[in-house]
Amino acid sequence: MNYRHAFHAGNFADVFKHAILAGLIESLKSKQTPFRYFDTHAGAGRYDLRGDEARKTREHEAGVQRLLDAARLPAALHIYLNLVRALNSGSNAHDVAIYPGSPLLASLLMRDVDSATLCEVQAEETAALKKLFAGDARIGVHQRDGYAALDAMLPPPERRGLVLIDPPFEAQEAEFDAIEAALARALARWPTGMYAIWYPIKLRQQRASFLRWFARHKVPKVLCAELLLHPDNSALRLNGCGMVIVNPPWKFDRQLAELLPALREHLAQGRFGQQRVEWLSGE
Ligand SMILES: C[S@@+](CC[C@H](N)C(=O)[O-])C[C@H]1O[C@@H](n2cnc3c(N)ncnc32)[C@H](O)[C@@H]1O
C-alpha cells in the first residue's frame, strides 16, 4: 500500500466527490431521525495543503482553489465551499491551506444525533483520524479493512444512512472486483441503505463492466454521475471520475445536473470536457 491521499487532497476528483457527498448528507438531514455515515476508506480526515506532499503535486490549485476563486456558482456547491472557507477563515492568505477529507466534511455537516463509523487500514492515517475526532462521541475510528467492516456493521441500528466507498484503486480491476463483492453482501444485509461509490476514469472500458454490474444484480435504484476532463483513452493519467449512488435521495439527479456543468466549466484542464448523469437502473 503506497497510496497517500495527501498528495491529491483538494484536486478535481476530491471536489467532485466531496460536493456530491455534501449534497447526500444534507438530504439525510431532511428527516429528524438520526442517520449513520460509514466511510470505508477514510484517509487522514484533514489535509495540510502547505505540507510537503501537497506542495509537491499542487493538485488543489486546479481543484478546490479554482472554485474558491470563481464567481456565480450554483447553490448545489455552496454548502461544500462554505465549509472549506470556514476551515480556512483564520488564515489571511488567499490560498486555501486546510482541506477537509470526507470524514471531516461529514462530521461538520452531521447533527448531534447522527453518528459516523470511519475505517482506514494505514496506521498513520488512522492515528490522524483518532486525533482529529478525539472527544467527538458521535464518531468511531477503526483501523481495519473497510469492506470487511461492512459485513460486521450493516445494517446500522439507526436503519438510515450512507456508506461512502472511496478506495485508492491502486489496481483498477481488482478494486472494482472488491467493490462488487462487498456491495453484493452489503445490499443483502441492508438493501435500503444509501451507497456512494467513487471511481477513477482512465480507459473507457475499465469501468464498463462495473457499471453494468448494478443492472445485472437487479439493484433497483442506481444513479451515476461522471465528469471527464480529458478523453477516456489513456491509462496514464486520471482523465475523469465518477460516482455511483445506490438509493439516491429524491430528485438528486436534478441537483447533479446543476452541479456538474459548473464543475466542468471551472475545473477544465483544456478544451475538452464532458459530464453525464444517468440512471443505471430505476428512476
Ligand atoms: C482515496 S483515499 C480516501 C480519501 C477519503 N475518503 C476522502 O475523501 O478524504 C483511500 C484510503 O483508503 C485506505 N485504504 C486502502 N485500502 C483500504 C481498505 N481495504 N480498507 C480501509 N481503508 C483502505 C488508504 O490507506 C487511503 O487512505
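### Some points on the overall build of the protein chain
Here is step 1 of the chain: A count of helical and extended segments in the protein chain gives 10 helices and 10 strands.
Here is step 2 of the chain: In summary, the protein chain has a C-alpha radius of gyration of 18 Å against a globular reference of 19 Å for 283 residues, a match within 12%.
Here is step 3 of the chain: Projected onto its principal axes, the C-alpha coordinates of the protein chain cover approximately 50 × 45 × 40 Å.
Here is step 4 of the chain: The burial tally for the protein chain puts 44% of its 283 residues in the buried class.

### Considering the pairing of strand 4 (residues 115–120)
Here is step 1 of the chain: Across the 6 residues of strand 4, 6 count as buried, placing the element largely inside the fold.
Here is step 2 of the chain: Every second residue of strand 4 is oriented toward a common face, with Ser115, Thr117 and Cys119 on one face and Ala116, Leu118 and Glu120 on the other, all of them buried.
Here is step 3 of the chain: Bridging between strand 1 (residues 36–39) and strand 4 involves 4 bridges; their strand directions are parallel. By the bridge assignment for strand 4, phenylalanine 38 is matched with threonine 117.
Here is step 4 of the chain: Pairing analysis gives 5 bridges linking strand 4 to strand 5 (residues 139–143), with the strands arranged parallel. The partner of threonine 117 across the bridge, within strand 5, is glycine 140.

### Looking at the nonpolar core
Here is step 1 of the chain: Ranked by internal contacts, the top residues of the largest apolar core, which has 79 residues, are Phe16, Leu21, Leu162, Ala196 and Ile197.
Here is step 2 of the chain: Looking at this core, the element that brings in the most residues is helix 1 (residues 12–28), giving 11 residues.
Here is step 3 of the chain: Setting aside chain neighbours within four positions, we find isoleucine 197 in contact with Ile165, Ile179, Met243 and Val244.

### Topic: the site of the ligand
Here is step 1 of the chain: Within the structure, the ligand sits among 22 residues, and His41, Gly43, Gly101, Ser102 and Gly146 are positioned closest to it.
Here is step 2 of the chain: Elements with a contribution of two residues or more to the shell around the ligand: strand 4 and helix 7 (146–153).
Here is step 3 of the chain: Counted by class, the shell around the ligand contains 8 nonpolar, 8 polar and 6 charged residues.

### Some remarks on the environment of arginine 66
Here is step 1 of the chain: Position of arginine 66 among the secondary structure elements: in helix 3 (residues 64–68).
Here is step 2 of the chain: Taking the C-beta count within 10 Å as the criterion, arginine 66 has 17 such neighbours and is therefore assigned partly exposed.
Here is step 3 of the chain: Taking C-alpha positions, arginine 66 is 6.9 Å from leucine 267, a pair spaced 201 residues apart along the chain.

### Observations concerning unusual backbone geometry
Here is step 1 of the chain: A cis geometry characterises the amide bond from leucine 154 onward to proline 155, with omega recorded as -5°.
Here is step 2 of the chain: One can find proline 155 in the loop between helix 7 and strand 6 (161–165).
Here is step 3 of the chain: A positive phi angle, close to 60°, is found at arginine 159, a residue other than glycine.
Here is step 4 of the chain: Look at arginine 159 and you get partly exposed, because 13 C-beta atoms sit within 10 Å.
Here is step 5 of the chain: A positive phi angle, close to 65°, is found at lysine 251, a residue other than glycine.
Here is step 6 of the chain: By the secondary structure assignment, lysine 251 is in the loop between strand 9 (240–246) and helix 10 (252–267).
Here is step 7 of the chain: On the basis of neighbour counts, which here come to 10 C-beta atoms within 10 Å, the residue lysine 251 falls in the exposed class.

### Overview of the packing of helix 1 against helix 10
Here is step 1 of the chain: Closest axis-to-axis distance for the helix 1/helix 10 pair is 11 Å, and the angle between their directions is 155°. One way to sum up the angle between helix 1 and helix 10 is to call them roughly antiparallel. Handedness of the crossing formed by helix 1 with helix 10: right-handed. Of the residues in helix 10, those touching helix 1 at Phe12, Val15, Phe16, Ala19, Gly23 and Ser27 are Phe252, Gln255, Leu259, Leu263 and Leu267.

### So, helix 10
Here is step 1 of the chain: Taking 1.5 Å of rise per residue, 16 residues should cover 22 Å, and helix 10 covers 22 Å from first to last C-alpha, within 8% of that figure.
Here is step 2 of the chain: In the core, the buried residues of helix 10 are packed alongside helix 1, helix 3, strand 8 (222–228), strand 9 and strand 10 (274–281).

### So, the sheet that holds strand 6
Here is step 1 of the chain: Taken in spatial order, the 8 strands make up an open sheet running 5-4-1-6-7-9-8-10, and their pairing is mixed. The sheet is open, and its two borders are formed by strand 5 and strand 10, each paired with just one other strand. Strand-to-strand, the axes of this sheet are offset by a mean angle of 15°, without reference to chain direction.
Here is step 2 of the chain: Sheet strands touched by helix 9 (residues 204–216): strand 7 (194–201), strand 8, strand 9 and strand 10. Its angle to strand 10, the strand with the most contacts, is close to 35°.

Scoring rules and cut-offs
- Residues numbered from 1 in each chain as written.
- Predicted model: local features only at pLDDT ≥ 70, side-chain atom pairs only at ≥ 80, totals over all residues.
- Helix = DSSP H or I, 4+ residues; strand = E, 2+ residues; numbered from the N terminus.
- Rg over C-alpha atoms; globule rule 2.2 N^0.38 Å.
- Buried ≥ 20, exposed ≤ 12 C-beta atoms within 10 Å, placed from the backbone.
- Pairing = 2+ DSSP bridges.
- Core = buried A, V, L, I, M, F, W, Y, C linked by C-beta atoms within 7 Å.
- Contact = placed C-beta atoms within 7 Å.
- Near = placed C-beta within 6 Å.
- Nonpolar A, V, L, I, M, F, W, Y, C, P; charged D, E, K, R; others polar.
- Axes fitted to C-alpha atoms, helices over the stretch in contact; angles between N-to-C directions.
- Parallel < 35°, antiparallel > 145°, perpendicular 65-115°, else oblique.
- Left-handed = near helix turned anticlockwise from the far one by under 90°.
- Expected span 1.5 Å × (residues − 1).

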